[in-house]
2 protein chains.
Amino acid sequence: MENTEDIRPKRREPAALDAFDRKILAALAADADQSYAALGEKVGLSPPAVHERVRRLKRSGVIRDVVARLDGTSVGKPLTAFMHVEAAGWGKSERLMQIARFPEVEEMHSVAGDASMILKVRMENPQALEFLLGQIHAVPGVHGTKSYIALSTYLDRPVQADVTVGWPAVPFSSE
Amino acid sequence: MENTEDIRPKRREPAALDAFDRKILAALAADADQSYAALGEKVGLSPPAVHERVRRLKRSGVIRDVVARLDGTSVGKPLTAFMHVEAAGWGKSERLMQIARFPEVEEMHSVAGDASMILKVRMENPQALEFLLGQIHAVPGVHGTKSYIALSTYLDRPVQADVTVGWPAVPFSSE
DNA sequence: CTTTTCCGCCGAATAATCTTCGGCAAGATT
DNA sequence: AATCTTGCCGAAGATTATTCGGCGGAAAAG
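Values in this document were obtained by computation on a predicted structure and should not be read as measured data.

**Overview of the overall build of chain A**
Summing up its helical and strand segments, chain A has five helices and five strands in all. Relative to its 175 residues, chain A shows a buried fraction of 44%. Long-range pairs, those at least 24 residues apart, make up 64% of the contacts in chain A with a sequence separation of at least 6. About 9300 Å² of surface is accessible on chain A, with carbon and sulfur atoms providing 53% of the total.

Rendered as structure tokens:
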């Protein structure tokens, strides 16, 4: 055919998600234990088509991973807490990062606001929380911490594929 | 045999997790896309044995669910924030619960501390955040809110199966 | 307005996995 | 010591994942 040596990246754009992708993502974010046949029926595609799309979504990073969500209490960590850490200069010292090694630490974000870092942790008991606080205060530059212990969790779900569109207009009252 | 009509519950105890269960949970919390054969090899059990254990772990609730974790930015919500809501008397009004209808709201906890409720939200942009704040302030009893916008997320993982045992002794320095 | 190219879907076929089913062995119970 | 229970394994069948060729439809090229 052609002998053009043109090896332009040819990189396809991230290719914005279409309606099918959205439905697939919504379904998988709610339950990843479905067969491609079941997914296909929900979104209106054949199993192979869904398979190919999921493959692409995973490789492109839209789907970060597929995981089993465990019950904190069942694995021995009934105490959930959010910890605000105030650190000097800049929060993300390598030292502070090591706190992430504890399996009790699930999230770690640097934030704009009073705190320089917010952690989500899940502990065995108050004593364990105290120990962790000790570890954090031992980090150079940490000024102080504020802990908020969760009494009840009313909602805890993964990133949803849907986005609210007509913001001012809200879904209240209607139901 | 016996003709005893004794229909005592006979309910088996939750049966504490053994080493095999722990390994299976740890593996599935990291990656639920593995075959039972692969899992079996990791934990030292046959595929059917792993299958049976996973089945039990799911039914008993230790494994809440299996989900695909999506990339916030890819689905159009690059802005993550934690919102502290101060509400009168008690936070958990039915009205406030309706906030959970927004797909932008991922977590909702009542907490002990200054705030009566902490939300984790993921928005499209600051405007969307503003609209959501408006919705929250419109809820009767809400005194105020404090928002912490995440600048960077250094860690974001599901509940880990492992628990730190010898707390005072920490994994630092060693590596 | 055609022709060409590319992309993504479908249906069928194969490969792999899941799931079920006896049978067996170890520990607990009687 | 006999019995019961529990949980494992290997094998077999059912279901699913994955690959493949071919077929449009839309966009780009002519």
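Next comes the rest of the write-up.
**Topic: the packing of helix H1 (residues 19–30) of chain A against helix H3 (residues 47–59) of chain A**
Residue and element names in this part refer to chain A. One way to put it is that H1 packs onto H3 with a least axis distance of 11 Å and a crossing angle of 80°. Taken together, the axes of H1 and H3 lie roughly perpendicular to each other. Of H3, the residues touching H1 (which contributes Phe 20, Asp 21, Ile 24, Leu 25 and Leu 28) are Val 50, Arg 53, Val 54 and Leu 57. Counted by class, the contact of H1 with H3 contains seven nonpolar, no polar and two charged residues.

**Notes on the relation of the copies chain B and chain A**
For the pair of chain copies, the relating operation is a rotation around an axis with a shift along it. Superposition record for chain B on chain A: RMSD 0.0 Å, screw rotation 180°, translation along axis 0.0 Å. Considering both components of the superposition, the chain copies are consistent with a two-fold axis. Relative to the rotation axis, the C-alpha of Val67(B) is the closest in chain B, positioned 2.8 Å from it. The fraction of interface residues of chain B whose copies in chain A are also interface residues reaches 100%, indicating that both copies meet through the same surface.

**Thoughts on the sheet that holds strand E3 (residues 105–112) of chain B**
In space, the eight strands of this closed barrel follow the order E2(A)-E4(A)-E3(A)-E5(B)-E2(B)-E4(B)-E3(B)-E5(A), with antiparallel pairing throughout. Averaged over all adjacent pairs, the angle separating strand axes in this sheet is 35°, with direction ignored. Contacts between helix H5 (residues 126–137) of chain A and the sheet are confined to strand E2 (79–87), strand E3 (105–112), strand E4 (117–123) and strand E5 (142–156) of chain A, with E5(A) contributing the most and set at about 145° to the helix. Contacts from helix H5 (residues 126–137) of chain B reach strand E2 (79–87), E3, strand E4 (117–123) and strand E5 (142–156) of chain B, with the element oriented near 145° to E5(B).

**Thoughts on the environment of Asp18(B)**
Inspection of the secondary structure assignment puts Asp18(B) in the segment before helix H1 (19–30). Residue classification places Asp18(B) among the partly exposed positions, given a relative accessible area of 30%.

**Digging into H3(A)**
Residues and elements named next belong to chain A. Between its first and last C-alpha, H3 extends 18 Å over 13 residues, near the 18 Å set by a 1.5 Å rise per residue. Among all positions in H3, only Val 50, Arg 53, Val 54 and Leu 57 are buried. When H3 is viewed along its axis, its buried side chains cluster within an angular range of 100° and face the same direction. Exposed and facing more than 90 degrees away from the buried side of H3 are Pro 48 and Arg 59. Contacts from the buried residues of H3 go to H1, helix H2 (36–43) and strand E1 (63–70). Just beyond H3, the residue with positive phi is Gly 61, at close to 90°.

**Quick notes on the environment of Val121(B)**
All names here are of chain B. Counting through the fold element by element, Val 121 comes out in strand E4. Sequence separation of Val 121 and Lys 77 is 44 residues, and the distance between their C-alpha atoms is 9.4 Å. Those residues in contact with Val 121 that sit more than four places away from it in its chain are Leu 79, Thr 80, Ala 81, Met 83, Glu 104, Val 105 and Leu 132.

**Description of the pattern of salt bridges**
In the structure shown here, the tally under the stated rule is 16 salt bridges over all chains. Here Asp156(A) makes a salt bridge to Arg64(B), at a shortest N to O gap of 3.3 Å. With Asp156(A) in strand E5 and Arg64(B) in strand E1 (residues 63–70), this pair bridges two chains. The closest approach of N and O atoms between Glu106(B) and Arg122(B), which form a salt bridge, is 2.8 Å. Placement of Glu106(B) in strand E3 and of Arg122(B) in strand E4 is noted, with a sequence separation of 16 residues between them. Arg122(B) carries the same exposure label as Glu106(B), and that label is buried. Each of Asp18(A), Asp21(A) and Arg53(A) takes part in a single network of salt bridges with overlapping partners.

Procedures and definitions
Residues numbered from 1 in each chain as written. Chains lettered and ligands numbered in written order. Predicted model: local features only at pLDDT ≥ 70, side-chain atom pairs only at ≥ 80, totals over all residues. Heavy atoms only, no water. Helix = DSSP H or I, 4+ residues; strand = E, 2+ residues; numbered from the N terminus. Buried < 20%, exposed > 50% of the residue type's maximum accessible area, 1.4 Å probe, protein only. Contact = heavy atoms within 4.5 Å. Areas by Shrake-Rupley, 256 points an atom, 1.4 Å probe, with all protein chains shown as cover. Axes fitted to C-alpha atoms, helices over the stretch in contact; angles between N-to-C directions. Parallel < 35°, antiparallel > 145°, perpendicular 65-115°, else oblique. Nonpolar A, V, L, I, M, F, W, Y, C, P; charged D, E, K, R; others polar. Least-squares fit on C-alpha atoms with pLDDT ≥ 70 in both. Pairing = 2+ DSSP bridges. Expected span 1.5 Å × (residues − 1). Arc of directions from axis to C-beta. Salt bridge = Lys/Arg side-chain N within 4 Å of Asp/Glu carboxyl O.

In short, shape yes, function no, at least from these values alone.
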